[in-house]
Amino acid sequence: MSGRENFGSRAAVIMAMAGSAIGLGNIWRFPFIVGQYGGAAFILVYILCCFLLSLPILFSESVIGRRTHKNTFGAMEALAPRSSWKWLGLLTVVSPIIILSYYSVVGGWSIEYLFKSVTIQFRPDNAEIVTGMFGEFAASRAKVIACLLLFLGMTAGIVFAGVKKGIERFSKITIPVLFVLVLVIAVYSLTLPGAGEGIRYLVRPDFSKLTPDALAAALGQSFFSLSLGVGTMLTYSSYVSKDENLMASGVGTAVSDLMFAIFAGFAIMPAVFASGIAPAAGPGLVFETLPYIFAKMGTGGLVLSAAVAIIFFITILVAALTSSISMMEVGVAYLSEEKGISRTAATAGIFIFAFMVGILCVLRGSVFDFLDKLCSNFLLTLGALLFSLFVGWKMKKEDVKDELTNGGTLHTNVKLFPIIYFLIKYVAPVSIAVIFISGLVG
Ligand code: TRP
C-alpha cells in the first residue's frame, strides 16, 4: 500500500465527502420534490430517510473503504477473496464512470451559462427569448461538446493532481465558498416581492401527499445526493486515516448535504414564485426558468441581476466539479491499483471514455435519459442494498465494530454501535428492498 495518500484532517474528509454529496441533486431536484410531495412533511420524511437509511449505508461504505484502504474492487477482494462479491466491486467501478459521463454534459451546460451571465445575455429587453436560448444552445452540438470537453478537462485536472493536492485542496477551498454563495442568493431571493408563496411551497406541511411514491422519491434522492451505492464514498473512505472517527465524519457529511439542499430551496423557490412561474425540476429550472428570472430582475439594475446570475452559475459549476471528481476518482483508484497503470494514464483513460459516452448523450437525448434512469433508479439502490448486506451479514460483527469505534477507543461510538449495527443489518436492507420493489411494481 505504499504511496497511497490519505486526507489530511477531519475537516478535509468532511469537505471532500460533502463536496461529492453537494451537487446538481441538491440544486435542481431537492427543492422541487419537496414542494411536490408535501413541503415540511416531506422534509421530515427526508431527514428520517437520511439518518435511518442513508447514513447506515454511508457507514457501510466507510467501513469497507477504510478497513482495506483499497479501491472498490480491491476492497471486496480483500474482505471476501474469490467470491461473487467481486462483481459488486466491479459494478461500483463502472457505474460512477457512467454517471460521470452524463453528469459532465450538464456540468458543460453550466460553463456556457456562466459565460452567458458574464457577458450579460439575460437582460430585461430580451427576457422573452431567454428561455429559448437553452434549446438553441442544445441544438449547437459542437458547442455543447466543447463545453463537455472543458468540464471533463477541469475534472481530470483536479483528479490528476492527486488525492491531497487535487481533491482535498479543491474541496477545502470551494465548499465553504459554496455555502456562502448559496446563502447570499437565498437572502436576496427572500427579499423579492412575492417571495412568500415560495416559502409556503417549501414549508407548508401537507401530510396527504406522503404517498409510497413520496417515500421512494425521498430514498432515491437521498442516496443520489449522498453519492451512495456506487462506491464513491467507499473510495473516499479508503483515504481516511485509521485514527479518524468515521461516524463523526459521516454525520458531518450528511448534515452539510442536507443543509445545502435546504438553503438551495430557499435560494431558488422564492425567486421562482416571485416571478409567477410554475416550479419545475431539472434542466428546465436551472437553464430556462432561472435565466428568465435573472433577465426580469434586470429592470431593478442590470449589474445586480448579472451579479446574481454569475454567482448562481459559479455555484452550480463548482458544486458539479466537486461531485464529478469523486466519480472519476473511483475508476482512477481502480485502474492504478489493480491494473498497475499510472495515475496519469488512468485519469486520461477515464477522461477519454467519459468524453465518448458523454458525446453519445449529447447526440442522443434518449441515451442520456436511459443512463440517468439506469443509474439513479436502479444501480444506486442495488449497490446500496448490497453494501449494507455485505457489512451486516458477510463481514464479522467484531470487525465492523472495530472499524466504527476505532478498536473500542471512541466511547460514544461504542455506545451507539448496537443501534447503528441494527440499522445496517436489518432496517436499511429491509426498507430499501420494500421501497425498491414497490417502486418497480407501482
Ligand atoms: N451527489 C451528487 C449530487 O447530488 C452527485 C454524485 C456524486 C453522485 N457522486 C455520485 C451521485 C455517486 C451518485 C453516485 O449532485
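Scroll up for the structure.
Conventions used here
Residues numbered from 1 in each chain as written. Predicted model: local features only at pLDDT ≥ 70, side-chain atom pairs only at ≥ 80, totals over all residues. Heavy atoms only, no water. Helix = DSSP H or I, 4+ residues; strand = E, 2+ residues; numbered from the N terminus. Contact = heavy atoms within 4.5 Å. Near = heavy atom within 4 Å. Polar contact = N/O pair within 3.5 Å; in protein donor to acceptor, adjacent residues only side chain to side chain. Areas by Shrake-Rupley, 256 points an atom, 1.4 Å probe, with all protein chains shown as cover. Nonpolar A, V, L, I, M, F, W, Y, C, P; charged D, E, K, R; others polar. Patch = residues over 30% accessible without salt bridge, like charges linked within 9 Å, V, L, I, M, F, W, Y side chains within 5 Å. Salt bridge = Lys/Arg side-chain N within 4 Å of Asp/Glu carboxyl O. Buried < 20%, exposed > 50% of the residue type's maximum accessible area, 1.4 Å probe, protein only.

Chemist: Which parts of the structure should I look at to understand the side chain of Lys-116?
Modeler: Considering the arrangement of structural elements, one finds Lys-116 in helix α5 (residues 85–118). Those residues in contact with Lys-116, other than ones at most four positions away along the chain, are Gln-121, Phe-122 and Met-133.

Chemist: Before we go on, may I ask you to explain the site of the ligand in this structure?
Modeler: Taken together, 17 residues lie near the ligand, and Ala-21, Leu-24, Gly-25, Tyr-103 and Phe-224 sit nearest. Separating a nitrogen atom of the ligand from a backbone N or O atom of Phe-224 is a distance of 2.9 Å. In the model, a nitrogen atom of the ligand is placed 3.1 Å from a nitrogen or oxygen of the Ser-227 side chain. Coverage of the ligand by the protein chains reaches 100% of its 360 Å² of free accessible surface. Residue classes in the shell around the ligand are distributed as eight nonpolar, nine polar and no charged.

Chemist: Help me understand a nonpolar patch on the surface, please; the structure alone is not making it clear to me.
Modeler: On the surface, a cluster of nonpolar side chains totalling about 200 Å² of accessible area is made up of Val-251, Val-255 and Met-259. The class for Val-255 is partly exposed, based on a relative accessible area of 32%.

Chemist: Help me understand the environment of Phe-207, please; the structure alone is not making it clear to me.
Modeler: By the secondary structure assignment, Phe-207 is in the loop between α10 (196–203) and α11 (212–225). Judged by its relative accessible area of 53%, Phe-207 is exposed.

Chemist: Explain the pattern of salt bridges here, please?
Modeler: When their charged atoms lie close together, side chains carrying opposite charge are able to pair. What the rule picks out here adds up to 15 salt bridges. The partner of Arg-67 in a salt bridge is Asp-399, with the nearest N and O atoms 3.7 Å apart. Of this pair, Arg-67 sits in helix α3 (residues 40–68) while Asp-399 sits in helix α18 (residues 397–405), placing them 332 residues apart in sequence. Arg-67 is the partner of Asp-402 in a salt bridge, and the nearest nitrogen-oxygen pair spans 3.1 Å. Of this pair, Asp-402 sits in helix α18 while Arg-67 sits in helix α3, placing them 335 residues apart in sequence. One salt-bridge network, held together by shared partners, links Arg-66, Arg-67, Lys-242, Asp-399, Asp-402 and Glu-403.

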